[in-house]
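Observations on chain architecture
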Amino acid sequence: MINPHLTVNQNGHLMIGGCDTVELAKKFGTPLYVIDEQQVRENCRLFKDSIEKNYKKGMVVFASKALNCLEMCRIVKQEGLGLDVVSGGELYTAIKAGFPSEHIFFHGNNKTTDELEMALEENVGRIIVDNIFELEELDELARKMNKTAKIMFRIKPGIDAHTHDFIRTGQIDSKFGFALENGEAFDAVRRAAALQNVKLMGLHCHIGSQIFDNRPFVEAAEVMLNFYLKIKKELGLTLEDLNLGGGFGIKYVEQDDPVGYDQFMGSVSDVVHDFCSKNDMDIPRMLIEPGRSIVGPAGLTLYTVGAVKEIKDVRNYVTIDGGMTDNPRYALYKSAYTIMIANKADQPADYTATVAGKCCESGDLIQEGAQMAKPEKGDILAVLATGAYNYSMASNYNRIPRPAMVMVKDGQAREIIRRESYEDLIRNDI
Ligand SMILES: *Cc1c(COP(=O)(O)O)cnc(C)c1O
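Notes on the structure follow. (Residues numbered from 1 in each chain as written. Predicted model: local features only at pLDDT ≥ 70, side-chain atom pairs only at ≥ 80, totals over all residues. Heavy atoms only, no water.)

**Some details on the sheet that holds strand β1 (residues 7-8)**
A sheet is described by the order of its strands in space; here 3 strands give the open sequence β1-β2-β3, paired in antiparallel fashion. This sheet does not close on itself; its edge strands, each paired only once, are β1 and β3 (19-20). Two strands pair when backbone bridges link them, and β1 and strand β2 (residues 14-16) are joined in this way by 2 bridges, in the antiparallel orientation. Its bridge partner being in β2, T7 is matched across the sheet by M15. (Pairing = 2+ DSSP bridges. Helix = DSSP H or I, 4+ residues; strand = E, 2+ residues; numbered from the N terminus.)

**A word on the pattern of salt bridges**
On inspection of all chains with the given rule, the structure shows 28 salt bridges. A salt bridge links R74 to E71; the shortest N-O distance between them is 2.5 Å. Residue R74 and its partner E71 are both found in helix α3 (residues 70-78); the two are separated by 3 residues, about one turn of the helix. Owing to a relative accessible area of 35%, R74 belongs among the partly exposed residues under this scheme. Among the salt bridges present, the one from D187 reaches R190, with a minimum N-O distance of 3.1 Å. On the criterion of helical spacing, the pair formed by D187 and R190 is a turn pair, its members being 3 residues apart in helix α7 (residues 184-194). Several salt bridges converge on common partners, so that one network encompasses E37, R41, R45, E71, R74, E79 and R414. (Salt bridge = Lys/Arg side-chain N within 4 Å of Asp/Glu carboxyl O. Buried < 20%, exposed > 50% of the residue type's maximum accessible area, 1.4 Å probe, protein only.)

**Thoughts on the pairing of strand β16 (residues 299-311)**
Strand direction decides the pairing type here: strand β4 (residues 32-36) and β16, joined by 4 bridges, are antiparallel. Counted as the bridge partner of L32 is L302 from β16. Where β16 and strand β21 (residues 380-384) come together, 5 bridges link them in antiparallel fashion. By the bridge assignment for β21, Y303 is matched with L381. A loop of 3 residues connects β16 with strand β17 (residues 315-320), the two strands running antiparallel in sequence, and D313 in this loop sits at a positive phi of about 60°.

**Some words on the packing of aromatic side chains**
On inspection of all chains with the given rule, the structure shows 10 aromatic pairs. The interplanar angle of 55° and the centroid separation of 4.8 Å between the aromatic rings of F153 and F178 together place this pair among those described as tilted. Highlighted residues: F153 in strand β9 (residues 149-156) and F178 in strand β12 (residues 178-179), separated in sequence by 25 residues. Across the pair, exposure class does not vary: F153 and F178 are buried alike. The cationic tip of K230 hangs over the ring face of F186; the distance from NZ or CZ to the ring centre is 4.4 Å. (Phe/Tyr/Trp six-rings, centres within 6.5 Å; stacked < 30°, edge-to-face > 60°. Lys NZ or Arg CZ within 6 Å of the ring centre and 35° of its normal.)

**Considerations on the site of the ligand**
As a matter of local geometry, the ligand sits amid 15 residues, with K65, S209, E289, R292 and Y389 nearest to it. G247 is positioned such that a nitrogen or oxygen atom in its backbone is 2.8 Å from an oxygen atom of the ligand. Computed on the free molecule, the ligand has an accessible area of 390 Å², of which 93% lies beneath the protein chains in the complex. (Near = heavy atom within 4 Å. Polar contact = N/O pair within 3.5 Å; in protein donor to acceptor, adjacent residues only side chain to side chain. Areas by Shrake-Rupley, 256 points an atom, 1.4 Å probe, with all protein chains shown as cover.)

In structure tokens:
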């Protein structure tokens with residue numbers, strides 16, 4: 001089992017958070033997103049404890065684009081983490097959930113004027129400025145509102161770690177942030193220092209997602225610190241915060257082998273402390289922004305199996321009552337997932353099939369060549385580790401209503417997002 005929190009009961013049914021998934025499917029219908037509250041909270045604490053133990057002066061900020069809804073914001077608030085938002089809608093949700101605005105970080109490479117005004121109005125803790133146009137506009141908006149915006153800059157540190165490997169090159173070709181190597185970032189820091197209504201608190205970088213290795217983070221920290229030193233020497237400016245972003249990998253399939261968070265924080269912490277003492281620099285407050293790793297492993301999606309098509313000498317298709325509308329990640333990135341037949345969780349996974357959705361697209365697949373127990377019409381199929389970037393990326397393609405989400409804990413399940421109705425689908429139609 002890729003997730004030690006999942007178990008199998010005496011009926012051979014997959015269990016999560018003390019609940020029988022087959023019962024959940026019966027009670028709430030399918031497709032159904034299920035999130036294990038205890039796992040989410042444990043993951044929050046793992047990061048928080050790890051940064052406190054290894055680094056001391058730090059803050060964990062949940063990247064809410066992985067899963068943003070009222071209940072998730074409430075849980076993250078209770079666990080004492082900060083919250084990243086990247087749009088007015090995510091900010092609105094956080095505010096409605098009562099999330100303290102001083103712990104909200106507003107990201108995005110093209111925030112609209114309305115979004116910038118909203119961020120200022122709500123007094124968010126930090127606005128992460130992406131480009132020089134945004135810097136100038138924000139300063140002007142803040143002046144009009146008689147405020148000082150606490151900002152950070154998004155930096156392209158020249159490290160790209162989107163895969164199992166990472167490359168250390170000029171990564172100027174990215175839509176996000178200021179480049180280091182052509183002096184763009186330095187010019188922006190100098191410009192910010194001259195503006196009256198913004199206060200530059202620090203710099204931010206985010207080098208990729210689903211990263212399994214410490215080294216790109218360590219290198220990113222070194223690149224950033226060298227830049228802090230340059231800023232200190234040449235501009236006499238000391239930046240308080242250092243934000244190294246998120247991207248910590250999780251286990252989707254057996255082969256995935258993510259590094260422990262504690263080990264990660266340990267090595268990054270050593271590098272920062274060494275660098276600062278060698279160069280007589282104040283130790284910055286460290287911010288990290290896990291998204292997927294907080295909520296991804298804690299989730300799974302349940303579907304009802306429809307037709308099973310065995311195309312001789314080609315492949316087997318097992319069709320489900322959801323698909324790319326509730327999980328577009330395979331269609332987008334060919335993401336690997338572990339599939340189980342939830343009502344046959346004690347049977348050997350000796351059947352190979354492609355899991356196909358119900359949308360009118362050949363590319364509407366959840367997984368190809370997946371191993372599972374032999375599926376039959378009416379079985380409950382579970383896709384594991386779908387807590388992150390599934391609901392948040394869901395759509396209404398083919399006018400398919402978005403599934404409900406339930407949170408499970410100690411054998412109890414409660415709906416935290418209602419299933420969309422057909423009426424919901426036409427709500428804004430005129
Ligand atoms: C997406 C994102 C994250 C979170 O990435 P994960 O891979 O989910 O940990 C953190 N910070 C920023 C700026 C992001 O865009």
